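# Structural description and commentary
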Amino acid sequence: LISRLLCFLTVAVSLSVVVASPALAADDAQGTRTWTTKAGSYSMEARYVSQDESSVKLAKDDGTEVEVVKNRLCTEDNQWLTMTYFKEQDQACDQQCQSLRDQLTHEQASCTGALIALHNQFKPSPIAGLLAAVSCSAIDNDPKKAVTLLNEAMRRITVQRELTPNAHRDTLVSVLNDLAVCEIKLGKPSPAANHLLIALKESGPNTNGAVLHNARLLLDAASTAGARIKIKTEIASDLRLRTTQAIPRSEVNGFDQLLV
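Summarised in this report is the structure supplied together with it. As the structure is a computational prediction, the values presented were derived from the model and not from experiment. (Residues numbered from 1 in each chain as written. Predicted model: local features only at pLDDT ≥ 70, side-chain atom pairs only at ≥ 80, totals over all residues. Heavy atoms only, no water.)

### Considering the sheet that holds strand 1 (residues 32-36)
With antiparallel pairing, four strands are arranged side by side in an open sheet as 1-2-3-4. Two strands bound the open sheet, and with one partner strand each, they are strand 1 and strand 4 (65-69). The average undirected angle you get between the axes of adjacent strands in this sheet is 55 degrees. (Pairing = 2+ DSSP bridges. Helix = DSSP H or I, 4+ residues; strand = E, 2+ residues; numbered from the N terminus. Axes fitted to C-alpha atoms, helices over the stretch in contact; angles between N-to-C directions.)

In structure tokens form, the structure reads like this:
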């Protein structure tokens, strides 16, 4: 029963799930904005070009490029730069993951090592870590390692959300769903149910169909007479209430091929 219980969202992560603030729209990142010193004594109109850990390169309207030390800029400018850095890392990571994502979708071969390397390279982004966890659990059958990767992916989302509250909403739902899968494989149904409960809350009124599907399967398995799957009463009650209120965003189709 447990081996057929839950499914991975192997195709859930794409650039479209990286939810950025309006200030990070592509046109804005390339357009001219006002940069102000920490003391507010000087400001300059310039276009963002690139940044490293300590400085940012800007281009004035006349084409002149200048390099400004970040700690000389105001808090708002530094927050903008941090959010831009997050977005750049997410985009680069997503592009690097494309071919590996296709392999995972078709389950052609394990590519865990390559995904973990990308996870370590693009340190602010949760995308490669989520995909690496899918590979670890669904293909390599190593749910414990997958949990480590998923927890780190969740930590990265939390860091991004300190500046952009809705960042990676769908990515977080996928992380929580996959954590539930791993906890079931590790014999921990109550933590699994709690992850699914949080995922349903995060999804909002139009719930991710796969998460709702998984929550119902877990509840059904726990309520069967003589079931070995036990869920803490308060968690089961909250999860059951949430599933009755949820409206699936789309029906779950073809997930039998993804059950682990």
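Here the narrative resumes.
### With respect to unusual backbone geometry
A positive phi angle, near 55 degrees, is found at Asn-141, a position not held by glycine. With respect to the helices and strands, Asn-141 occurs in the loop between helix 4 (127-139) and helix 5 (143-161). Positive phi outside glycine occurs at His-168, with the angle close to 55 degrees. Accessibility expressed as a relative area gives 0% for His-168, which makes it buried. (Buried < 20%, exposed > 50% of the residue type's maximum accessible area, 1.4 Å probe, protein only.)

### A short note on the packing of helix 5 against helix 6 (residues 169-185)
When two helices pack together, their arrangement is given by the angle between their axes and by how far apart the axes lie. Between helix 5 and helix 6, the least distance of the axes is 9 Å, while the angle of their chain directions is 155 degrees. Looking at the two axes, helix 5 sits roughly antiparallel to helix 6. Of the two elements, helix 5 crosses helix 6, and the hand of that crossing is left-handed. Along the contact surface, helix 5 presents Pro-143, Ala-146, Val-147, Leu-150, Asn-151, Ala-153, Met-154, Ile-157 and Arg-161, while helix 6 presents Arg-169, Thr-171, Leu-172, Val-175, Leu-176, Asp-178, Leu-179, Cys-182 and Lys-185. Residues of the contact of helix 5 with helix 6, tallied by class, amount to 12 nonpolar, two polar and four charged. (Parallel < 35°, antiparallel > 145°, perpendicular 65-115°, else oblique. Left-handed = near helix turned anticlockwise from the far one by under 90°. Contact = heavy atoms within 4.5 Å. Nonpolar A, V, L, I, M, F, W, Y, C, P; charged D, E, K, R; others polar.)

### Here's the deal with the pattern of salt bridges
Within the structure shown, the criterion is met by five salt bridges. Residues Asp-77 and Arg-33 are paired through a salt bridge, measuring 3.0 Å at the closest nitrogen-oxygen approach. One end of the pair, Asp-77, is in helix 2 (residues 75-106); the other, Arg-33, is in strand 1, with 44 residues separating them in the sequence. Judged on exposure class, the residue Asp-77 and its partner Arg-33 are both buried. The closest approach of N and O atoms between Arg-156 and Glu-152, which form a salt bridge, is 2.9 Å. With Arg-156 and Glu-152 both in helix 5, this residue pair falls four residues apart, about one helical turn. The class of Arg-156 is buried, set by a relative accessible area of 5%. The class of Glu-152 is partly exposed, set by a relative accessible area of 22%. (Salt bridge = Lys/Arg side-chain N within 4 Å of Asp/Glu carboxyl O.)

### Comments concerning the nonpolar core
Core analysis: the largest hydrophobic core is formed by 48 residues, its most contacted members being Cys-97, Leu-115, Leu-150, Val-175, Leu-196, Leu-218 and Leu-239. By residue number, the principal contributor to this core is helix 6, which donates eight residues. Setting aside chain neighbours within four positions, we find Val-175 in contact with Leu-130, Leu-150, Ala-153, Met-154 and Ile-157. Membership of the second largest hydrophobic core comes to 10 residues, among which are Ala-46, Leu-58, Leu-73 and Leu-81. (Core = buried A, V, L, I, M, F, W, Y, C linked by side-chain atoms within 4.5 Å.)

### So, the layout of surface pockets
Of the pockets and cavities examined, the second largest pocket occupies roughly 180 Å³. Taken together, Gln-51, Asp-52, Glu-53, Lys-70, Asn-78, Leu-81, Thr-82 and Tyr-85 make up the lining of the second largest pocket. When residues in the lining of the second largest pocket are grouped by element, the largest group, four residues, is from helix 2. Grouping the constituent residues of the lining of the second largest pocket by class yields two nonpolar, three polar and three charged. (1 Å grid on protein atoms, 1.4 Å probe; cavity = no way out; pocket = protein on both sides within 12 Å on 5 of 7 lines; lining within 4 Å. Points joined across faces, edges and corners; volume = space filled by probe spheres on them.)

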